[in-house]
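Each chain is listed here by its residues.
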There are 2 protein chains.
Amino acid sequence: MAENKMGRQTLVFKNCPEIFAAYSTAGVSEGKGPLRQWFDTVLEDDKIGQKTWEGAETKMLKDTVVGAIGKGGIDKHEIDVIFSGDLINQLMSSSYAVRELGIPFLGLYGACSTMSESLIMAGAFVNAGYSKYAAAAASSHFCTAERQFRMPLEHGNQKPPSAQVTVTGSGCAVLRESVKGCGCIQDLGRPGVYVTGGTIGKIVDMGINDSNMMGAAMAPAAIDTLETHFKETGKEPGFYDLILTGDLGKIGRSIVIDGMGKKGFDMTGNYEDCGCMIFGPDQDAHAGGSGCGCSGSVLCGYVFRRMKAGELKNVLLVSTGALLSTISTQQGESIPGIAHAVSISAEKR
Amino acid sequence: MAENKMGRQTLVFKNCPEIFAAYSTAGVSEGKGPLRQWFDTVLEDDKIGQKTWEGAETKMLKDTVVGAIGKGGIDKHEIDVIFSGDLINQLMSSSYAVRELGIPFLGLYGACSTMSESLIMAGAFVNAGYSKYAAAAASSHFCTAERQFRMPLEHGNQKPPSAQVTVTGSGCAVLRESVKGCGCIQDLGRPGVYVTGGTIGKIVDMGINDSNMMGAAMAPAAIDTLETHFKETGKEPGFYDLILTGDLGKIGRSIVIDGMGKKGFDMTGNYEDCGCMIFGPDQDAHAGGSGCGCSGSVLCGYVFRRMKAGELKNVLLVSTGALLSTISTQQGESIPGIAHAVSISAEKR
């Protein structure tokens, strides 16, 4: 079975699980940003008629999963498993969203790295034949995250320029077995989008303990995973049309470019960060967007659609997570970072 | 690849990933219970010399993982991935424990179902050749869980008889590829212990919203997963020498026996619950033990050792989780339950 891995951390999906449907939802503010045209749904009201913010995030995630399944033209009872996670304690949003769907559920926690983690898991399960259809999802909501991790919303808390804004958004991708084997199916003349593998990240902690400096806390993990991915696969950054980190924001992104450059990998040509893309310069988003829903909504909207349209052929998504909690912060602990990479291809291989 | 699944929810591991080492740790109180002889380590002090309870749980889990790797006679750098989870917000114990080990990490949240979830994942990854060695772990600590989910410890909170006691304990199993293929290796004349498959659970919520009634909240999920497992595999309860739910306690266990009986499955001969086993009748544990560390420490101690000794041949572990949070409880939500089943065999198949 050695053909299913490369080196220690990289999985290879020879059976090319196909992302045959994806759905993205963005909040009001995110829907006013540069990516507005790529989301399937932009909320008109971030509370979506619910009594609580947690209820709103739950409804957003559930509607996103239902949307993805609907776009795939299958029934929810055909999905063998859903991998999902979010930022709320005990995965409240995912658990309550999935509760109403009757889909077998494996809960993940990877902080903002969740979209990569769920996509690797779903790819691994479909590739190995454990699941015929598997869903990968992630969500975050500014109002649930802000009050859980920082201050009550009513406090109107101010933040330093290094802080990031938790994205209200969610994404869900539905994967299926490639019908004819190795990833070369063309779907109605448009390219299929395949998960070709992933690199599982290690925790990297460089000692940063300021939760308003998350990009800098997570960037070393992104560098570690990127370097491992390139070394284990033998690929160069130039292999990809687009390399996307999850939510490093402006500060973390510049650390990745510098750090990878020092290791001999030129990231200046094709590297972007979802947290830098989702809000415009006029939106007062400080260092950029963050949250599981940041890379979740960008992947399942912008990236998936551009790949389906043949505009992007090879993409590496490296969602990044800061594994802190309010308790760890209060206890003076530094912030462990993690990043998982998932490679996606719309090209014959 | 259809040979790797049965029905919608059940995975089949034909390559028989082997649990070749396991380690269990129990707290002071758990070490005075009926299973005391089966734990690898019994803590002399639940704080283990740390400044905080969270630090103690982190150290306990890390020492357990290191113990399992050491018993396997391999180096931590040989482990390709660790799947781990705990009850603390944002998986604080797992994240900080793994941070110091340098092992690629995929975080899971399944509440007290985590040991089954991590074992299914590790089995799935080793079976498919994604990992040569994979670790599965879970932990809980009375003092971290109590103050997070209920009251400050200093409050000396009293509980109704239906409540359960969070177990201070952890377990880690290390899996490897079966050297000769299909699960028939005999290790120095003693049986190998193999993960042969798993059934991924659905969320079941029967409307219970009393967090002092967790056994009753989780039991319907256990029944759903057990029934699905038997239907999809064509096995009867009698196939197993031991069927173990995770932490239903006395109340949940009796609901499972009744509920399964009504569905035509006789559970009276070979069914036990880790939460009922871990504390003795003199230990004032109310309805029994709970927490990820309950089934984690029972599996990696009692079950693994008895299987290695040839005393148990086929075991089904059904760890059970209550997917509530303090926020969901405060908002009046009912408690979603989940249960995953993992089948383990020390027998030639």
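Being a predicted model, the structure only gives us computed values, none of them experimental. Once a new chain begins, its residue numbering starts again from 1 and follows that chain's sequence as written. Going through the entries in the order they are written, you letter the chains from A and number the ligands from 1. Since the coordinates come from a predicted model, pLDDT governs what is reported: local features require at least 70, and pairs of side-chain atoms require 80 or more to be given and counted, while whole-chain, interface and lining totals use all residues. Just so you know, side-chain values use all the structure's heavy atoms and leave hydrogens and water out.

Here, residues are in contact when the closest pair of their heavy atoms is within 4.5 Å. The interface is formed by 67 residues belonging to chain B together with 68 residues belonging to chain A. We define buried area as the total accessible area lost by two parts upon association, computed with a 1.4 Å probe and summed across both. Of the roughly 5300 Å² buried between chain B and chain A, counting both surfaces, carbon and sulfur atoms make up 59%. On the chain B side of the interface with chain A, the three residues burying the most area are B:R8, B:Q90 and B:Y130, jointly 17% of the side's total. Criterion for a salt bridge: a side-chain nitrogen of Lys or Arg within 4 Å of a carboxyl oxygen of Asp or Glu. Taken together, the links from chain B to chain A amount to six salt bridges. A salt bridge links A:K5 to B:D80, with the shortest nitrogen-to-oxygen separation between them at 2.6 Å. Distance and chemistry together define a polar contact, namely a pair of N or O atoms within 3.5 Å, with one atom able to donate a hydrogen and the other to accept it when in protein, and with adjacent residues in sequence counting only for side-chain atoms on both sides. At the boundary of chain B and chain A, one finds 39 residue pairs in polar contact (both at pLDDT 80 or more).

Superposition record for chain B on chain A: RMSD 0.0 Å, screw rotation 180°, translation along axis 0.0 Å. Between the two chains, the operation in question is that of a two-fold axis. Considering only C-alpha atoms, the residue of chain B closest to the rotation axis is B:L108, which sits at 2.1 Å. The fraction of interface residues of chain B whose copies in chain A are also interface residues reaches 100%, indicating that both copies meet through the same surface. For this overlay, a least-squares fit was computed on C-alpha atoms, restricted to residues scoring pLDDT of at least 70 in both copies.

Moving on, we come to the pattern of salt bridges. Throughout the structure, instances matching the rule amount to 30 salt bridges over all chains. The salt bridge involving A:D205 is made with B:R99; its shortest N-O contact spans 2.6 Å. Here the residue A:D205 occupies a position in the loop between β12 (194-199) and α5 (214-233), and B:R99 occupies one in helix α2 (residues 92-99), the pair thus bridging two chains. A single network of salt bridges, built from pairs that share partners, joins A:D40, A:K71 and A:R305. Secondary structure elements are defined from DSSP: runs of H or I of at least 4 residues count as helices, runs of E of at least 2 residues count as strands, and each element is numbered from the N terminus.

Residues and elements named next belong to chain A. Note on aromatic pairs: the rings of Phe, Tyr and Trp (six-membered ring only in Trp) are paired at centre separations within 6.5 Å, and the planes decide the class, stacked below 30 degrees, edge-to-face beyond 60, tilted for the rest. Within this structure, the stated rule accounts for 14 aromatic pairs over all chains. With centroids separated by 5.6 Å and ring planes inclined at 40°, the aromatic side chains of F20 and Y133 adopt a geometry described as tilted. Highlighted residues: F20 in strand β3 (residues 18-26) and Y133 in strand β7 (residues 133-140), separated in sequence by 113 residues. The buried label goes to any residue with under 20% of its type's maximum accessible area, the exposed label to any with over 50%, and the partly exposed label to all in between, with areas taken from a 1.4 Å probe on protein chains only. Given a relative accessible area of 11%, F20 falls into the buried group.

All right, on to the pairing of strand β13 (residues 242-245) of chain A then. All names here are of chain A. With burial as the criterion, each face of β13 is covered, one bearing L242 and L244 and the other bearing I243 and T245. At least two bridges found by DSSP between two strands are what make those strands a pair. Where β13 meets strand β16 (residues 314-322), four bridges bridge the pair, whose relative direction is parallel. In the sheet register, L242 faces β16, and the bridge partner there is V315. Taken together, the three bridges between β13 and strand β14 (residues 271-273) define a ladder with parallel strand orientation. Of the residues in β14, the one forming a bridge with T245 is D273. Since β13 and β14 lie parallel, the crossover through helix α6 (residues 249-262) that links them has a hand, and here it is right-handed. Assignment of crossover handedness uses the view with strands pointing away from the viewer, where a clockwise path from the first strand over the helix to the second indicates a right-handed crossover.

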